[in-house]
Amino acid sequence: MRRPRMLSRTAFRPWRDGAFRLLGTALAIAAFALSSVLLLRAELNERFDQRTAEVLGGQLVLDGSRAPEPAQRELMDAVRTVPAVEFRTVLVRDEQTLLVSARAVAPPYPLFGRLTLAPERFGTEYTADHGPPPGEAWLAGQALDRLGVQVGDTITVGQKELKLSAVLKREPDGGAGFYSMSPRLLMHHDDLPATGVIAEGTRLDHETLIAGPPERITQVRSQLQDSLRPDQELEGVDDAAEETLSPLRQLTLWISLSVLLVALLCGAAIYLASGERVQRHARHAALMRCFGASRRQVLDDLLGREFVAVLPASLIGSGLGVLLVWAIRRQMEWQGAWSAGPAVWALALLAPLVLWASFALPRLLRLLRTPAGEVLRAGGDHTRPALELGAALAGPVALAALLTQSWQDLGLVLGILVVLGTVLPALFWPGLRWLDRRSARWPLTLRLALRRLSRRPLLTLPLLAALTLAIATLTLAGQTGTRLIDDWQGQLPDKAANYFLFNLLDEDKPVLRDWLDKHKGEPSPLYPIVRGRLTRIEGTPIREAVTKDKQDSEEALNRDLALTTAEQVPESNRILEGEWWDADAGPGQVSVEADIARSLDIDPGDSVTFVTSRDEVTGTVTSIREVDWASFEPNFYFMFSPGSLAAQDATWLTSFWLPEGSGRRLSELLQQMPHATLLDVDALLERAEQIARQASGAAFLLAFVLMGSALLVLGAALLAGQNQRGLDNALLRILGARHALVRRVQLLEFVLLGAGAALAATALVLAALWPLGQRLFDGALPISAWQLLPLAAIALITVLGGLLSRRSLAQPPLALLKAG
Amino acid sequence: MPGPEGDLTLLDDVSLDVHAGESAAILGPSGSGKSTLLGLLAGLDRPTTGHVRLQDQNLNELDEDELAALRGRWCGFVFQSFHLVHDLTALENVMLPLELKGDPAARETATQWLGRVGLHQRRSHFPNQLSGGEQQRVALARAFAVEPALLFADEPTGSLDHANGRHVSELLFELNRDEGTALVLVSHDEELAGRCDRRWRLEEGRLHA
């Protein structure tokens, strides 16, 4: 029993050693980064799937113009289903009529998420996890305004009277179609037959919302796919997610890449620090072998102590990671059990130890293979760096595979890491060599400082690369995160439109004008809107002019588009080809949005024909436009010259800015124009900003951790060279250098290191900002105070380097004599 | 110095003087205090009692920076482990003490000295590209380049094989003779010490002629 006691007694002795403390700190940071990302990713994946399912209404949705076949219903026996029928109907109240989008649902609707309701038009909101009971209905607030009803009144849907029992504010699966803005009525599925709307020829949309364990869903999907009627289609979470997967995938890749960089940098610090540990262990191990210990005993002793000593660091780091994810869950109000399964938890706890093992173990094991006599005789380095580094990198590659979970993403991440790891140092090398050659005539202190960097490329270049990357990442994350949103908002006019209003009639225009005057709103131009479907290009029918794949994939060919006329080019548009029409231009000219023109191969001079509710409209393309869709102004694919749509049935669209105030003003407006639809842009913008701020906060935190890791590598590199640095400083003192000179040389070394990294980081950031500036600000670079961060980094590196290396300044010259 | 059982006396009643042009050897077994004595003589350490005068300056009266300046002006050093700066070439190593003195012709002087020790063609090489004997010759050039009044050599051939050791010791004494420096040689090598004008043996903290 002696060994365990000895182990426990000596287990924490390694912490007295500076090299071990650095190793332990690196491991703790790596553990924090790895565990927080692994756990957070599990939460995000589940929430994303859940959110997608919420928006979809289920993990799988079977959609058709008729109810599912009995055989199809049988296939769905093993999963939860909700039948939902959607239809358009007109509600009548006194002399008011209103077209609504009605939906009849049955329990257990909603399968995901909750409905947001209010007890009255402007009452306090609350949520519900069920639909309206039989005999009742929930109606959107706009509909209440237009019909002049309130909660408690009775409304008639078809032939069925329903009591209005709540105001419907939001449905989790309500959809966000800009042009499907009929107010929503929600009712119980059992009330549907009594309405009488289900009749031959009635246009109904039958949905079956499906939820269940993933493997069951996959099975049901596969079986239903084979049984689909021509009018039916299946949509799953993956299909819906495809449209929005790209940003999330990019975010996930960025997170994986950042964490891997942190892991690699911490691994580098562990590698360097463990080199010091090996030197210290070398003699001890050799002596044990001289005294008769077997290799196994030496291994147990050395590794046992190291492992027991690093374990607390790893656990503390992992614990902090768990704490961070707990705080995020709390802030985001994520309910329920943690999404990570046992495998993810095990990985979060073990991954840091894998990292330690891959970077530290090969060096320790190498020590055991060196004959004791050789160690005691030579007293020098007993490692084979190339071999050990190769073995060390196996750990991060395995971690990368676990973090990315797809060969494609793994290849991408490893590719980026290889490029960063080789290209950056390779870019620095010529510059360093050039400086080295040029410095022959520099002042002594500057030259000596530079030599300490330029003559040790294997240490300097990776360190420069790590610091550059960390500084650049921190700067970019800090700047582009919320800054772009702030700058973008700043670029919008002070009174940019915060509401859109469409489906206006001619007689609504003076009403709107008066109302805006009364409430100090700022109007924007009115656009006539004619719904039309593109049927011919250059006289050729679409089905002949465009490939089948394009017909299926190009959304603009499969729905009615909003056609409009305008006298001038809208501010958010820019002519790329051709010319806009003159003020006295006649009808029949059309300007086409650039992306759709490219997609459908439309050029200036071509003719395009639309079919509308009245007849056909044809125009000759005179210009191609680039549209700033992010400008939050009305934007159109096709804009005609004035008079082109005069003979068509048109409604009007406009936007306006309204100062902050009561929502009742808007109700008052809608009561005067009950057929109009109002869109609150502020809410959309606020949501986008919220998501952007959260994402940027996460990116900034990761970048911060990355910077900390890079500084750890600096510390490890300093530690590794501490003895030599001390002897060099002592030699300078012996040869006649004053203390101030030696101190200057040392500080200048870090100033040069920091300046080199800062310069390179600034170049990297500007290079990254330029395309962003081109894309978002028409060439204007969003330069900001964040560009000063690299300067602050110089100061930080100098101070930290100075602090960490002050021991080497204190090395007495006599030590050199004693060292021989 | 303090020890586990009370103060430890390393050097007891040691007194010696070395004049310009003289060579003096301090012999003694390992652990006898030779390097400690060398450190005191070079102003790298201070005696508990007594004083050291170098070029008529009492080293006890000087602070650390003044001692460093004094060393830079008057002393040269040759170490057993050569102690060249690994980041500097052979030429830059020889230039170093000259530049610390503020010598404007440091490069030219260093080049000449490297030629004198037969390493002109290796002037751009780094210490790890030189053999042990070559490194020690660079160290000799560095030590003599400042035209020191006093040269301290601590086991100058201790890390060299017999042939290289002979070559280096020949060069050391030749340069010492030519430059008229006072050489203080610390060694356990009787043969090397035998070439010096005067010899002392350090035993149990005391110097014996």
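About the criteria used
- Residues numbered from 1 in each chain as written.
- Chains lettered and ligands numbered in written order.
- Predicted model: local features only at pLDDT ≥ 70, side-chain atom pairs only at ≥ 80, totals over all residues.
- Heavy atoms only, no water.
- Helix = DSSP H or I, 4+ residues; strand = E, 2+ residues; numbered from the N terminus.
- Buried < 20%, exposed > 50% of the residue type's maximum accessible area, 1.4 Å probe, protein only.
- Contact = heavy atoms within 4.5 Å.
- Areas by Shrake-Rupley, 256 points an atom, 1.4 Å probe, with all protein chains shown as cover.
- pLDDT = per-residue confidence, 0-100.
- Axes fitted to C-alpha atoms, helices over the stretch in contact; angles between N-to-C directions.
- Parallel < 35°, antiparallel > 145°, perpendicular 65-115°, else oblique.
- Left-handed = near helix turned anticlockwise from the far one by under 90°.
- 1 Å grid on protein atoms, 1.4 Å probe; cavity = no way out; pocket = protein on both sides within 12 Å on 5 of 7 lines; lining within 4 Å.
- Points joined across faces, edges and corners; volume = space filled by probe spheres on them.
- Nonpolar A, V, L, I, M, F, W, Y, C, P; charged D, E, K, R; others polar.
- Salt bridge = Lys/Arg side-chain N within 4 Å of Asp/Glu carboxyl O.
- Phe/Tyr/Trp six-rings, centres within 6.5 Å; stacked < 30°, edge-to-face > 60°.
- Pairing = 2+ DSSP bridges.
- Buried area = accessible area lost by both parts, 1.4 Å probe.
- Polar contact = N/O pair within 3.5 Å; in protein donor to acceptor, adjacent residues only side chain to side chain.
- Expected span 1.5 Å × (residues − 1).
- Arc of directions from axis to C-beta.
- Bend = angle between axes of the 7 residues up to and from the residue.
- Core = buried A, V, L, I, M, F, W, Y, C linked by side-chain atoms within 4.5 Å.

S.K.: Give a detailed account of the overall build of chain B, specifying residues and quantitative values.
M.R.: Along chain B, the regular secondary structure elements total 7 helices and 10 strands. When burial is assessed residue by residue, chain B has 53% of its 209 residues classed as buried. Sequence-distant contacts in chain B: of pairs separated by 6 or more residues, those separated by 24 or more amount to 69%. Carbon and sulfur atoms make up 44% of the accessible area of chain B, which amounts to about 9600 Å² in all.

S.K.: Could you give me a rundown of the overall build of chain A, with the residues and numbers involved?
M.R.: Scanning chain A for helices and strands turns up 25 helices and 23 strands. The buried share of chain A, taken over its 820 residues, is 49%. When contacts within chain A are restricted to residue pairs at least 6 apart in sequence, those whose partners lie at least 24 apart make up 80%.

S.K.: I'd like a rundown of the confidence of the model for chain A, residues and numbers included.
M.R.: Note that predicted coordinates carrying low pLDDT should not be read in detail. Taken as a whole, chain A shows an average pLDDT of 80; of its residues, 81% reach a score of 70 or greater. Every residue in residues 176-180 of chain A scores below 50 in pLDDT, and together they form 6 contacts with partners more than four places removed in sequence or on other chains.

S.K.: Tell me about the packing of helix α3 (residues 90-101) of chain B against helix α5 (residues 132-145) of chain B, residues and numbers included.
M.R.: The geometry of a pair of packed helices is captured by two quantities: the angle between their axes and the separation between those axes. All names here are of chain B. Between α3 and α5, the shortest axis-to-axis distance is 8 Å and the interhelical angle comes to 25 degrees. Between α3 and α5, the interaxial angle falls into the category roughly parallel. The two elements α3 and α5 cross, and the hand of that crossing is right-handed. Residues A90, N93, V94, P97 and L98 of α3 touch α5, and the partners they reach there are V138, A141, R142 and A145.

S.K.: Help me get a handle on empty space enclosed by the protein, residues and values and all.
M.R.: All names here are of chain A. Going through the model one piece at a time under the given rule, you end up with 6 cavities of 30 Å³ or more. As a volume, the largest cavity reaches approximately 130 Å³. Along the walls of the largest cavity sit 14 residues, with L453, L459, L463, R725 and E749 positioned nearest its centre. Listed by contribution, the elements that provide at least two residues to the lining of the largest cavity are α13 (444-454), α14 (457-491), α20 (681-720) and α22 (739-777). The class makeup of the residues in the lining of the largest cavity is 8 nonpolar, 2 polar and 4 charged.

S.K.: Account for the pattern of salt bridges, naming residues and giving values.
M.R.: All names here are of chain A. Applying the stated criterion across every chain, the model contains 33 salt bridges over all chains. In this structure, the salt-bridge partner of E86 is R184, at a minimum N-O distance of 3.4 Å. Of this pair, E86 sits in strand β2 (residues 80-93) while R184 is found in strand β9 (residues 184-188), placing the two residues 98 residues apart along the sequence. For R184, a relative accessible area of 10% translates into the label buried.

S.K.: Report on the packing of aromatic side chains, specifying residues and quantitative values.
M.R.: If you walk through the whole model with that rule in mind, you get 12 aromatic pairs over all chains. With a centroid separation of 6.0 Å and 70 degrees between ring planes, the pair formed by F610(A) and F640(A) is classed as edge-to-face. With F610(A) in strand β19 (residues 607-612) and F640(A) in strand β21 (residues 638-640), this pair connects stretches of sequence that are 30 residues apart. The pair formed by F610(A) and F640(A) is uniform in burial state, with each residue classed as buried. Centre to centre, the rings of F77(B) and F152(B) are 5.5 Å apart; their planes meet at 25 degrees, and the pair counts as stacked. Residue F77(B) is located in strand β6 (residues 75-78), and its partner F152(B) is located in strand β7 (residues 150-154); the two are separated by 75 residues in the primary sequence. F152(B) matches F77(B) in its accessibility class, with the two residues each being buried.

S.K.: Can you explain the sheet that holds strand β10 (residues 206-208) of chain B? Please cite residues and give values.
M.R.: Residues and elements named next belong to chain B. Spatially, the 6 strands line up as an open sheet ordered β6-β7-β8-β3-β9-β10, and their pairing is mixed. Every interior strand has two partners, whereas the edge strands, β6 and β10, have only one. Taken pair by pair, the neighbouring strands of this sheet meet at an average axis angle of 20 degrees, ignoring direction. Sheet analysis places β6 next to β7, joined by 4 bridges and oriented parallel. Bridge pairing in β7 places V78 opposite A153. Here helix α2 (residues 64-74) sits on the sheet and contacts β6 and β7; the angle it forms with β6, its principal contact strand, is near 80 degrees. Of the strands in this sheet, β3 (23-27), β7 and β8 (182-187) touch helix α6 (residues 162-179), which is tilted by about 155 degrees from β8.

S.K.: Give a description of the interface of chain A and chain B that names residues and reports values.
M.R.: Listed as interface residues are 28 residues of chain A and, on the opposing side, 33 residues of chain B. Note on chain A versus chain B: buried area summed over both sides is about 2700 Å², and carbon and sulfur give 60% of it. The interface formed by chain A and chain B includes 6 salt bridges. A salt bridge links D87(B) to R456(A), with the shortest nitrogen-to-oxygen separation between them at 2.5 Å. At the surface where chain A touches chain B, the tally comes to 9 residue pairs in polar contact (both at pLDDT 80 or more). Among the elements that take part in the side of chain A that touches chain B, helix α21 (residues 722-734) of chain A stands out by supplying 6 residues, more than any other. Looking at side-chain class alone, the side of chain A that touches chain B contains 14 nonpolar, 4 polar and 10 charged residues.

S.K.: I'd like to hear about unusual backbone geometry, residue by residue, with values.
M.R.: Between P107(A) and P108(A) the backbone carries a cis peptide bond, its omega angle lying at 5 degrees. Inspection of the secondary structure assignment puts P108(A) in the loop between β3 (96-105) and β4 (115-118). The residue after Y109(A), namely P110(A), is reached through a cis peptide bond having omega -5 degrees. Non-glycine residue F82(B) carries a positive phi angle of around 70 degrees. Looking at the element boundaries, F82(B) is found in the loop between β6 and α3. Despite not being glycine, E155(B) has its phi angle at roughly 45 degrees, a positive value. Mapped onto the elements, E155(B) comes out in the loop between β7 and α6.

S.K.: With reference to specific residues and values, describe the environment of T798(A).
M.R.: All names here are of chain A. The residue T798 is located in helix α23 (residues 789-804) in this model. On the basis of relative accessible area, T798 is assigned to the buried category, the value being 13%. Taking the C-alpha atoms as reference, T798 lies 8.0 Å from L748; in sequence the two are 50 residues apart. Each residue touching T798, except ones within four places of it in the same chain, is listed here: L747, F750 and V751.

S.K.: Explain α23(A) to me, and be specific about the residues and the numbers.
M.R.: Residue and element names in this part refer to chain A. Between its terminal C-alpha atoms α23 stretches 22 Å, which fits the 22 Å expected from 16 residues at 1.5 Å a residue. For α23, the set of buried residues is P790, A793, I794, I797, T798, G801 and G802. Relative to the axis of α23, the buried residues are bounded by an arc of 160 degrees and lie together on one face.

S.K.: Explain helix α8 (residues 295-332) of chain A residue by residue, including any values.
M.R.: Taking 1.5 Å per residue as the helical rise, α8(A) with its 38 residues ought to reach 56 Å, and the 53 Å between its terminal C-alpha atoms agrees with that figure. Remark: the principal bend of α8(A), roughly 25 degrees, maps to V310(A), with a proline, P312(A), within the next four residues.

S.K.: Which residues make up the nonpolar core, and what are the values?
M.R.: Residues I270(A), W356(A), L467(A) and L753(A) are the most contacted members of the largest nonpolar core, which totals 76 residues. What L753(A) contacts, discounting residues up to four positions off in sequence, is L453(A), L463(A), L464(A), L467(A), L714(A) and I797(A). Judged by nonpolar contacts, the second largest core, of 41 residues, contains A24(B), V85(B), F152(B) and V184(B).

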